[in-house]
Amino acid sequence: GAPRFAKTKRMDAIDLASYLAMEFEALSSLMDSLDRPEESMQWQERYDRLRERINDHHWDFEDGCYYDVDSHGHQLPMKTTAGLMALAAGVPDRDQAEALRLHITHAREFWSPFPLPSVAQDEIDHGKSPWGGTVHPWANHLVYHGLRRYGFYEEANQLGRRTLGEIAHVYARTGCLYDRYDASGECLPADLPGDNDFGETGAQPDAPITAAIYIALTHEL
């Protein structure tokens, strides 16, 4: 399982908060396109309030990261891709986005041979378990769009191409698309540790979400 969930039984998850912000923003845009300005404004106000709350409670100024928060309001300092989802939601300001860009492109953090590991490489809990350091292409796709949202086009394109390249490389060797991959590029997905909670071994093969991401990134790039 994910090391971040081992720190507490209950939390305000930064990735869930970011997904909700994306939904609020999308609903505001949808209402606007349907010429329903009052409803559009209501969803925009909800987005603005949530964005402010995320920055007030989840952002660590010293580390330049977004973290989960436990039930007591204390941040749980672990650099994970969950904290990068805020980029796709448009939550950071320019300085915060730049701080996240630096973490993303740091060779000892998220810019691994196959980026982006779900737990940064310099974290003590980094490994090859599900959500413990392996790469999930759908998460890469959201970060790709987050980078583009802030004008980091070169970094976004590099991430997109490296994601496509590793998926294609593994497919050429195995004939399979997987839900997660080894960040080091040394281990085939089928040989990765599984989720001990369910007695699984290896990554999930024939993953439709990875097929969808591959098609989307190929089209976008």
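Going by the structure above, here's the rest.
Since the structure is predicted, the reported quantities are computational estimates derived from the model, not experimental observations.

Parameters and conventions
Per chain, residue numbering runs from 1 following the sequence as it is written. Local features are withheld for residues below a pLDDT of 70 in this predicted model, meaning they are given only at 70 or higher, and side-chain atom pairs are given and counted only at 80 or more; totals for whole chains, interfaces and linings count all residues. Side-chain metrics rest on all non-hydrogen atoms present in the structure, leaving aside hydrogens and water. Only DSSP runs of H or I with at least four residues qualify as helices, and only runs of E with at least two residues qualify as strands; both kinds are numbered from the N terminus onward. Salt bridges are identified by distance alone: a Lys or Arg side-chain nitrogen within 4 Å of an Asp or Glu carboxyl oxygen. Per-residue accessibility, obtained with a 1.4 Å probe over protein chains only, is compared with the maximum for each type, and a residue is labelled buried under 20%, exposed over 50%, and partly exposed between these values.

**Student:** So what's going on with unusual backbone geometry? Residues and values would help.
**Tutor:** Geometrically, the link from P115 to L116 is a cis peptide bond, its omega value of 5° lying close to zero. Within the element layout of this structure, L116 appears in the loop between α4 (94-104) and α5 (137-149). The phi dihedral of D206 falls on the positive side, at around 50°, and the residue is not glycine.

**Student:** Account for the pattern of salt bridges, with residues named and values stated.
**Tutor:** Evaluation of the coordinates by the stated rule reveals 9 salt bridges. Across the salt bridge formed by E39 and R36, the nearest N and O atoms sit 2.7 Å from each other. For E39, a relative accessible area of 30% corresponds to the partly exposed category. For R36, a relative accessible area of 37% gives the class partly exposed. Of the charged contacts in the structure, one is a salt bridge between K79 and D122, with a shortest N-O distance of 3.2 Å. One end of the pair, K79, is in the loop between β5 (75-76) and α3 (85-88); the other, D122, is in the loop between α4 and α5, and 43 residues separate them in sequence. Overall, K79 belongs to the buried group, its relative accessible area being 11%. Judged by relative accessible area, D122 falls into the partly exposed class, the value being 43%. Each of R4, D15 and D68 takes part in one network of salt bridges that share partners.

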